[in-house]
Amino acid sequence: MVQRLKHLKSTILMIGGVVCLLIGVAFLPLPPPFFGMVFIAAGIPMLAAGSKRTRRFIQLMRWRHYRHNQKVEYLVSRLPSFLRKQGHRTRPDVLVRLRGKNNAKQG
């Protein structure tokens, strides 16, 4: 029973995240462009909350584009607490530490 509830919650979060992303992308070309970014900023943490694979993908993208990470952290700090928690879970700091450990072992 508990497993079914977790699966249902995950499915609802994934669907909600995809809907928010689609709305955000659709609203980007409209006159107030920040309105689309609000939906995108809400959709990404919802996707991260719904799937571990998506969370790891977002973490990898934040690591690859680390110079933009300060902007992402600023946006995450402005989100509501339940979305902010998911945004913090996608921080690329773990990948940076792991890469440093792997380089130290090889060298």
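Keep in mind the model is a prediction, meaning the values are calculated, not measured. (Residues numbered from 1 in each chain as written. Predicted model: local features only at pLDDT ≥ 70, side-chain atom pairs only at ≥ 80, totals over all residues. Heavy atoms only, no water.)

1. Some remarks on the packing of aromatic side chains
No. 1: Within this structure, the stated rule accounts for 3 aromatic pairs.
No. 2: Ring plane angle 40° and centroid distance 5.2 Å describe the contact between Phe-27 and Phe-35, whose orientation is recorded as tilted.
No. 3: A relative accessible area of 27% places Phe-27 in the partly exposed class.
No. 4: Owing to a relative accessible area of 39%, Phe-35 belongs among the partly exposed residues under this scheme.
No. 5: For the ring pair Phe-35 and Phe-39, a centre distance of 5.3 Å and an interplane angle of 85° mean the geometry is edge-to-face. Within this pair, Phe-35 and its partner Phe-39 are both found in helix 2 (residues 34-50), separated by 4 residues, close to a single helical turn.
No. 6: On the basis of relative accessible area, Phe-39 is assigned to the partly exposed category, the value being 23%.
No. 7: Put simply, the rings of Phe-27, Phe-35 and Phe-39 pair up and form one aromatic cluster. (Phe/Tyr/Trp six-rings, centres within 6.5 Å; stacked < 30°, edge-to-face > 60°. Buried < 20%, exposed > 50% of the residue type's maximum accessible area, 1.4 Å probe, protein only. Helix = DSSP H or I, 4+ residues; strand = E, 2+ residues; numbered from the N terminus.)

2. Here's the deal with the packing of helix 2 against helix 3 (residues 52-64)
No. 1: Contact geometry of helix 2 with helix 3 gives a least axis separation of 5 Å together with a crossing angle of 130°. Classed by the angle they form, the pair helix 2 and helix 3 counts as oblique. In this structure, helix 2 contributes Ile-44, Leu-47, Ala-48, Ala-49 and Gly-50 to the contact, and helix 3 contributes Lys-52, Thr-54, Arg-55 and Ile-58. (Axes fitted to C-alpha atoms, helices over the stretch in contact; angles between N-to-C directions. Parallel < 35°, antiparallel > 145°, perpendicular 65-115°, else oblique. Contact = heavy atoms within 4.5 Å.)

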